[in-house]
Amino acid sequence: MSNIVPATPTNIARAAAILRDGGLVAFPTETVYGLGANALASAAVRKIFAAKERPGWDPLIVHVTGTDMASRLAQQAPPELTARFWPGPLTLVLPKLPGVPDETTAGRPTVALRAPRHPVAVALLAAAQLPIAAPSANRFRRPSPTCAAHVREDLGDRVDLILDDGPTPLGIESTVLDLTQSPPAILRPGGVSREELENVLGPVTLAPGVEDEVAARGLAGPGMSVKHYAPRARVELFESDAALRKRAAELTRAGVLYPQPETLFAQMRALDAEGVEVILALLPPPVGLGLAVRDRLFRAAGLQPQN
Ligand code: AMP
Ligand code: MG
């Protein structure tokens, strides 16, 4: 029997009870679907790593109701940032307080926090009254899930319940901003643009992508590993539509990808399902959400992001 249920108040209450009992629940956020567990329970968090086949060095984002809950887990976030961008698709990396398990932060002295704004995520956090560790609900290295069927496809019965509320509005993950560096560094571009952050903070840096091996040794954030978000097909990238069309004319089993942030991952999965061998993707300019789309496309192609 399928574990996908509509995100009704009754099912949200059921999901909250599963989280309190140490189980796994997939739920929609405004970015992508998350695979949630009680962030304060090591055993529950370990189930996330097992279900996703995610390596233990890759820390999780902890979802909170807001700054009150955040203040119990980490040093205070800059109020000008939380006032402007929370709830929303901005994850803040901050020095953690005692009590946040090492499993959640992959042994790091910092924790990544975000207050989501999707009504189902908000209702689930309110019902559970727990910080919820939730990475994207895909299998490691697969494109992030933007609907309940993608979660089911990747995780099947490894998750106790999948709350379905249709496609996620943004379709691309949160921006991860490291506030322990000066100036602050974007570890992963996402739903809040660099320009929006710089309007509030002044200049922020953009961390370069790094090889998995470096990340595995704890030298860099995991979303920063180069090969990530990969469809099964090989991905070729183009800066101009003319060059893309010329290449398309040379190939027989190629699919074309004109990415929008909201549909990028769904398009990658759809092209994989069609069985194309090569995906030819047009890179958007590196402004606004284009920066995040370029980042995901470079990673899907196994290349160092260039902006
Ligand atoms: P996801 O699996 O898509 O939710 O990705 C979570 C991402 O958050 C990771 O891949 C990291 O880039 C980032 N992250 C989480 N915790 C930390 C941390 N303590 N320090 C640096 N980056 C982090
Ligand atoms: Mg992910």
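As shown above, the structure is provided for reference.
About the criteria used
Residues numbered from 1 in each chain as written. Chains lettered and ligands numbered in written order. Predicted model: local features only at pLDDT ≥ 70, side-chain atom pairs only at ≥ 80, totals over all residues. Heavy atoms only, no water. Helix = DSSP H or I, 4+ residues; strand = E, 2+ residues; numbered from the N terminus. Rg over C-alpha atoms; globule rule 2.2 N^0.38 Å. Buried < 20%, exposed > 50% of the residue type's maximum accessible area, 1.4 Å probe, protein only. Contact = heavy atoms within 4.5 Å. Areas by Shrake-Rupley, 256 points an atom, 1.4 Å probe, with all protein chains shown as cover. Lys, Arg positive; Asp, Glu negative; His and termini not counted. Charge placed at Lys NZ, Arg CZ, Asp CG, Glu CD. Core = buried A, V, L, I, M, F, W, Y, C linked by side-chain atoms within 4.5 Å. 1 Å grid on protein atoms, 1.4 Å probe; cavity = no way out; pocket = protein on both sides within 12 Å on 5 of 7 lines; lining within 4 Å. Points joined across faces, edges and corners; volume = space filled by probe spheres on them. Nonpolar A, V, L, I, M, F, W, Y, C, P; charged D, E, K, R; others polar. Axes fitted to C-alpha atoms, helices over the stretch in contact; angles between N-to-C directions. Parallel < 35°, antiparallel > 145°, perpendicular 65-115°, else oblique. Left-handed = near helix turned anticlockwise from the far one by under 90°.

*Asks:* Explain the overall build of the chain to me, and be specific about the residues and the numbers.
*Replies:* When helices and strands are counted, the chain shows twelve helices and 14 strands. Computed over its C-alpha atoms, the radius of gyration of the chain comes to 19 Å, within 12% of the 19 Å expected for a compact globule of 307 residues. Residues counted as buried form 58% of the 307 residues belonging to the chain. Contacts in the chain between residues far apart in sequence, at least 24 positions, make up 66% of those at least 6 positions apart. Summed over its atoms, the accessible surface of the chain is roughly 12,300 Å², and 54% of this surface lies on carbon and sulfur atoms. In the chain, 31 positive and 31 negative side-chain charges are present, and the distance between their average locations comes to 3 Å.

*Asks:* Before we move on, can you summarise the nonpolar core with the specific residues and values?
*Replies:* Of all hydrophobic cores here, the largest spans 42 residues; its most connected members are V64, L90, L92 and L113. Counting only elements with at least two residues in this core, the list comes to β3 (33–38), α2 (42–52), α3 (67–70), α4 (79–85), β5 (90–95), β6 (110–114) and α7 (148–155). Leaving out residues up to four positions away in the same chain, L113 has contacts with V62, V64, A70, L73, A74, W86, L90, T91, L92 and L94.

*Asks:* Give a description of the environment of A43 that names residues and reports values.
*Replies:* Mapped onto the secondary structure, A43 falls in helix α2. Put simply, A43 and P59 are 16 residues apart on the chain and 15 Å apart in space, counted from C-alpha to C-alpha.

*Asks:* Before we move on, could you go through empty space enclosed by the protein and cite the residues and values that matter?
*Replies:* The method is simple in principle: a probe with the dimensions of a water molecule rolls over the atoms, and the space it marks as empty is what remains. Going through the model one piece at a time under the given rule, you end up with one cavity of 30 Å³ or more. One number sums up the size of the largest cavity: a volume of about 30 Å³. What lines the largest cavity is simply T175, I186, P189, G190, V192, S193, R194, G288, L291 and A292. Within the lining of the largest cavity, the residues separate by chemical class into five nonpolar, four polar and one charged.

*Asks:* Give me the lowdown on the packing of helix α1 (residues 9–20) against helix α6 (residues 119–128), citing residues and values where you can.
*Replies:* Closest axis-to-axis distance for the α1/α6 pair is 9 Å, and the angle between their directions is 55°. Overall, the two elements α1 and α6 adopt an arrangement that is oblique. Crossing angle aside, the handedness with which α1 passes α6 is right-handed. Mapping the contact onto sequence places I12, A15, A16, L19 and R20 in α1 and V120, A123, L124, A127 and A128 in α6. Per-class residue counts for the contact of α1 with α6 are nine nonpolar, no polar and one charged.

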